[in-house]
Structures are given as C-alpha cells and as structure tokens.
Amino acid sequence: RKPGEGMMLQIDGSKHLWFGPDGGLCVLIWAIDDATGRVCGAVFRAEEDCVGYMLMLRQIIGKHGVPLSLYADRHGIFRPAAADKLTIEQQLAGQRKPMSQFGRAMAQLGIQQIAAHSAQAKGRVERSFATAQDRLLQEMRLNKITTINEANRFLRERPMPLFNQRFSVPPACELDAHRACESFDLDAIVSHQEERVVTRDYAIRFKNQRYLPPSFMNALSRFEKGPMWAPA
C-alpha cells in the first residue's frame, strides 16, 4: 500500500447484473484509495465510458481534492493504442503521443497515470468489486432500486460511508497528498475537447457542421457583415 491518502487511487469498472437478472447489465465505476481501501468516488453507467470516469473524477476532486496518481488498466479510455506505436524517429522529431480525453484531463490536472499490465496488479479494486457484487447488490435490492438514476442517488445518500467504515483501514501515515483544486477550471478541464482550425471565413467545422464562434460573431457584427448564420 501507499503510505498516505491521495497518493494513488485504483480505478476500474465492473460490468454486472447490478439490478438482478431482469435489470440487464450495467457498469459500476469507482475508485479505491490505495492507502486505505476507501471508496472515493462511484457512479453507475450503462457502459464503461469516458463520461463515467469524468463524473467519478469530479466527485473525488469535490470531496477530497486532486490525487497524485491514478492506477488503471490499459483501456482505450485512459490511453489510446496508438500511444505505444510512435517510432524512435517520430519521438525525436517531437511528435506528440496521442492522448485520450481522459488522459488529456489528467495531464492538465497534474495527475500521473499508471498503467497496469494485468488485472492482478490492481487487485485491491478488483476485490472490492467482488464485495460490492455481494453486499451492495443486496442492499439495492432491499431498497427496490431498479434504475441507474436511482442507484446513483443511492450511492450519494447511503452506502459508501457504511462500506468505508466496514472495509477501509487507517493509512500508514497521516499525510494527505490530495491537492486543492482552486487553481483549476474543472468545468473546462473535465470535459470533451476537440481541436479545430479556423478557416478564412472565421468558421470552424465539427461533425459536418460549420460554426461561427461567438467571439468572431461579435466582432463581425460591429462591421455590419450581414446576418449571422447558425450551423447549416
């Protein structure tokens, strides 16, 4: 284990029949503090996706602060496969490794990403899911929870403090490595971002639509360039 809280979080998703055989498969995404085994953030999603991990990250930062590192598998959500395919010549030429949306957010927040090479390497979070599939599933069934929205509300209101009280352990030292988030614009960082080139007519193209950014629209309106247009 790491000696202090916030030094490393193990993150993963568990696809399971969380609402019983009739509820269909969905995914529980959560993070376990490596030093204590405490669940720091959790969210249910229909599939394991980047949005789910972004939502979980917002929970963690809002409650505890920005952790130093995240330990995850080698899923494309965290690092695209092309990141490992740059040649030495490409790296020497200064070509940047491609980053996923989640990886870009981690870099902007100064969070180190550590990639596990096997499920056993992140065994703490794997074992926690086995416990959740027993206890959390039964708890939700007793409370007649049958949808993802109800389950996420339930996670916020009740079971995580009970789970942490029962299964977490004291850290080896009192150091809390979480960092304050006042210097970060979380709404801008924890988001989906795309790079586009502004054309000669001050427009950008996204998903076969042309847009005129508001800053250019305001400037052009002062020069009476005629009516502004919406996406075609």
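The structure we're discussing is the one just above.
Report on the accompanying structure. This is a predicted model, so every value here is computed, not measured.

Let us look at the overall build of the chain. Check the secondary structure of the chain and you find eight helices and seven strands. Out of the 232 residues belonging to the chain, those deemed buried represent 38%. Long-range pairs, those at least 24 residues apart, make up 63% of the contacts in the chain with a sequence separation of at least 6. When the accessible surface of the chain is split by element, carbon and sulfur atoms take 52% of a total near 13,700 Å².

Another point: the environment of C40. By the secondary structure assignment, C40 is in strand β3 (residues 39-45). In this structure C40 comes out as buried when scored by relative accessible area, which is 2%. Each C-alpha atom of the pair C40 and Q10 lies 9.9 Å from the other, and the pair is 30 residues apart in sequence. Sequence-distant contacts of C40, that is, excluding residues within four places in its chain, are made with L9, A31, D33, I60, K63 and H64.

Once that is clear, we can look at the pattern of salt bridges. This model, assessed by the stated rule, comprises seven salt bridges. One salt bridge in this structure joins D49 and R45, with 2.7 Å as the shortest N-O distance. We classify R45 as partly exposed; its relative accessible area is 23%. With its nearest N and O atoms 3.2 Å apart, the salt bridge here joins D187 to R58. Here R58 lies in helix α1 (residues 50-63) and D187 lies in helix α7 (residues 186-189), a separation of 129 residues in the sequence. For D187, a relative accessible area of 59% corresponds to the exposed category.

Calculation rules
- Residues numbered from 1 in each chain as written.
- Predicted model: local features only at pLDDT ≥ 70, side-chain atom pairs only at ≥ 80, totals over all residues.
- Heavy atoms only, no water.
- Helix = DSSP H or I, 4+ residues; strand = E, 2+ residues; numbered from the N terminus.
- Buried < 20%, exposed > 50% of the residue type's maximum accessible area, 1.4 Å probe, protein only.
- Contact = heavy atoms within 4.5 Å.
- Areas by Shrake-Rupley, 256 points an atom, 1.4 Å probe, with all protein chains shown as cover.
- Salt bridge = Lys/Arg side-chain N within 4 Å of Asp/Glu carboxyl O.

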